[in-house]
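Coordinate inspection notes
The chain contents come next:
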Amino acid sequence: MGLSKLTILLTTVLLILIATGCSSDKGKPKAVSPAEMSNPVKESELNTITLTPLAVKRIGITLAVAGNGNVANSRIYSGEVMAVPGQTVTLTAPVAGTLVAAGSQLQGGQQVRKGQALYRLVILPSERDLLSARDDVAQKQVQYTVATQKAQRADQLYKERAGSLRAKQEAEAELAAVAASLRVARSRVELLRGNTSGSAQLSTLTINAPISGTIQRLHSSTSQAVAAAAPIADIAATNTLWVRVPVYAGDADKINRSAPASVQLLSGFAGSAKAITGRPIRGPQTADALNTSVDLYYEISNMDENMNPGARVSISLPFHGSNAGMLIPYSAVVYDINGGSWVYENTAENVFVRRRIEITTVDNMNAVVKRGLTGGEKIVVTGAAELFGTEFGGGK
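Here's what I pulled together on the structure shown here.

Counting secondary structure elements, the protein contains six helices and 22 strands. A total of 396 residues make up the protein; the buried ones form 32% of that total. Looking at the protein alone, contacts between residues at least 24 apart form 75% of all its contacts between residues at least 6 apart. Surface exposure of the protein reaches about 24600 Å², of which carbon and sulfur atoms provide 53%.

Inspection of the entire model under this criterion finds 13 salt bridges. With a shortest N-O distance of 2.8 Å, Arg-244 and Glu-80 are connected by a salt bridge. Here Glu-80 lies in strand β3 (residues 67-83) and Arg-244 lies in strand β12 (residues 240-248), a separation of 164 residues in the sequence. Of the charged contacts, one joins Asp-251 and Lys-254 as a salt bridge, the two residues approaching to 3.8 Å between their closest N and O atoms. Of the residues examined, Asp-251 reaches a relative accessible area of 10% and is grouped as buried. Since its relative accessible area comes to 45%, Lys-254 is described here as partly exposed. Because the salt bridges share partners, they merge into one network encompassing Arg-75, Asp-251 and Lys-254.

Let us look at the sheet that holds strand β8 (residues 204-208). Strand order in the open sheet formed by four strands is β8-β7-β5-β10, and the pairing between neighbours is antiparallel. Each edge of the open sheet carries a strand with a single partner, namely β8 and β10 (225-226).

Turning to the sheet that holds strand β6 (residues 111-112), a few remarks are in order. If you trace the four strands from one edge of the open sheet to the other, you get β4-β11-β9-β6, paired in antiparallel fashion. Since the sheet does not close on itself, it has two edges, and those belong to β4 (88-92) and β6, each with one partner. Where β6 lies against strand β9 (residues 213-218), two bridges are found, and the strand directions are antiparallel. Pairing of Gln-111 across the sheet is with Thr-214, part of β9.

Okay, the pairing of strand β7 (residues 117-123) next. The pairing of strand β5 (residues 97-101) with β7 spans five bridges and is antiparallel. By the bridge assignment for β7, Thr-98 is matched with Val-122. Sheet analysis places β7 next to β8, joined by five bridges and oriented antiparallel. Considered in β8, the bridge of Leu-121 is made with Leu-205.

Of the pairings in the sheet, the one linking β3 to strand β17 (residues 312-329) comprises 13 bridges and is antiparallel in character. Note that in β17 the partner of Gly-69 across the bridge is Gly-325. Where strand β13 (residues 261-265) meets β17, four bridges bridge the pair, whose relative direction is antiparallel. Opposite Ser-262, over in β17, you have Ser-316 as the bridge partner. The sheet contact formed by β17 and strand β21 (residues 366-371) spans four bridges and is antiparallel. Across the sheet, the residue bridging to Leu-327 is Val-368, located in β21.

A few words on the environment of Ala-96. Tracing the sequence through the fold places Ala-96 in the loop between β4 and β5. Look at Ala-96 and you get partly exposed, because its relative accessible area is 31%.

Once that is clear, we can look at helix α6 (residues 384-391). Taken together, the buried positions of α6 are Ala-384, Leu-387, Phe-388, Gly-389 and Glu-391. In the core, the buried residues of α6 are packed alongside β1 (48-50), β18 (334-335), β19 (341-348), β20 (351-363) and β22 (378-382).

Take the packing of aromatic side chains next. Overall, the coordinates contain one aromatic pair when judged by the stated rule. Between Arg-354 and the ring centre of Trp-342, over which it is positioned, the NZ or CZ distance is 4.3 Å.

A few words now on unusual backbone geometry. Even without glycine at this site, Ser-223 takes up a positive phi of about 65°. Along the chain, Ser-223 falls in the loop between β9 and β10. For Ser-223, a relative accessible area of 42% puts it in the partly exposed group. Here the phi dihedral of Asn-350 falls at roughly 65°; this positive angle occurs in a residue that is not glycine. Taking relative accessible area as the criterion, Asn-350 reaches 17% and is therefore assigned buried.

Below, the discussion takes up the environment of Ser-212. Structurally, Ser-212 can be placed in the loop between β8 and β9. Looking at Ser-212, the relative accessible area reads 40%, which means it is partly exposed. Residues Ser-212 and Ile-235, 23 residues apart in the sequence, show an inter-C-alpha distance of 8.1 Å. Here Ser-212 is in contact with Val-112, Arg-113, Lys-114 and Ala-237, once residues within four sequence places are set aside.

The rules behind these values
- For every chain, the first residue of the written sequence is number 1, and numbering continues from 1 onward in sequence order.
- pLDDT decides what is reported in this predicted model: residues at 70 or higher carry local features, side-chain atom pairs at 80 or more are listed and counted, and totals for whole chains, interfaces and linings draw on all residues regardless.
- For the side-chain quantities, the full set of heavy atoms in the structure was used; hydrogens and water were omitted.
- Strands are runs of DSSP state E lasting at least two residues, helices are runs of H or I lasting at least four, and both sets are numbered from the N terminus onward.
- Only protein chains enter the calculation, and the probe is 1.4 Å; a residue is then buried if its accessible area is under 20% of its type maximum, exposed if over 50%, and partly exposed in between.
- When checking whether two residues touch, look at their non-hydrogen atoms; a contact exists if any pair is within 4.5 Å.
- Working definition of accessibility: Shrake-Rupley area with a 1.4 Å probe, residue cover restricted to the visible protein chains.
- Definition used for salt bridges: Asp or Glu carboxyl oxygen within 4 Å of a side-chain nitrogen of Lys or Arg.
- Two strands qualify as a pair provided that DSSP identifies no fewer than 2 bridges between them.
- Under the pairing criterion, centres of Phe, Tyr and Trp rings, with the six-membered ring standing for Trp, must be within 6.5 Å; the plane angle then separates stacked pairs below 30 degrees from edge-to-face pairs above 60, leaving the rest tilted.
- We call a charge positioned over a ring when the NZ of a Lys or the CZ of an Arg lies within 6 Å of the ring centre and within 35 degrees of the ring normal.

Structure follows, in structure tokens:
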């Protein structure tokens, strides 16, 4: 009987404890999540674009199959365009004189031909004559006045039959000689003032372009008096240029110096413009000890005048060996606002799905994909930008 009462008491206490625990759980507030997402979408379940056959035709979509291929080892460096040493000439004045344009006024950037007359150099008188030019004019003026009066008297005497014809002719000849010397003296004074428009018969030299090229800089202007050996203009031949590429000394032996390089302007991203082939040459043996770099030189053709000496370019240098990689045309790649790279895969007829990829490099207009594709996918090459605009509202 005592055992039954003890059992009933324990059971009652247990029920009370259970009831108390349940009521305390109901009264406790539920924990709040620090962040909530509504309608989460996995990247593998991105928007699928379905076009009509007419839309596909209007866009002109073309496809390419992603596949493996051999990719040459290369690395992109920064290079500096420079004129070929020995093909930059500085025109100088052979003697002291005043510059006169041989034709139209020359300007920086103007193209000139070899042998083209650029300037006429009016040779200045000697220093002694320059210092005494004004005194010489005054003296010649007095002589001219005297010779004029003498010629007038001889002519008057001849008319009155008191003088001979010979005396008249001698006086006129003397007047002509004095007048000529007076004109030369006056021209010298004008020349000192920088005025070369006078009618004096002065000695001149024609300065011709020694090479065909572009005027890089003008040191002197027309109607300017220049000293002997003074610089007049810099002319550089720009049809052929060099690219100087400083590379890390530890990579110098890894670079295939017998293979051509790919040069491109910085104004266009890789693949957007046709690259220029750089031919390796043996240039000056220059290096920079502070940057631990050595200089390599490549020659490029600049017949279209797109490159300017001193400009920075990107140059892809070939390394020894090659690697296998997943290749797709670079025109198939589109970029989002954050710089992510994407392609559109044709999964079914007129159905296109955007897929994220990671690109390691661009080689010969092909993008090398590190991850995102397994091979065999049909990738949109032409029309990827239109699909990107359609997906995000930019298309019509």
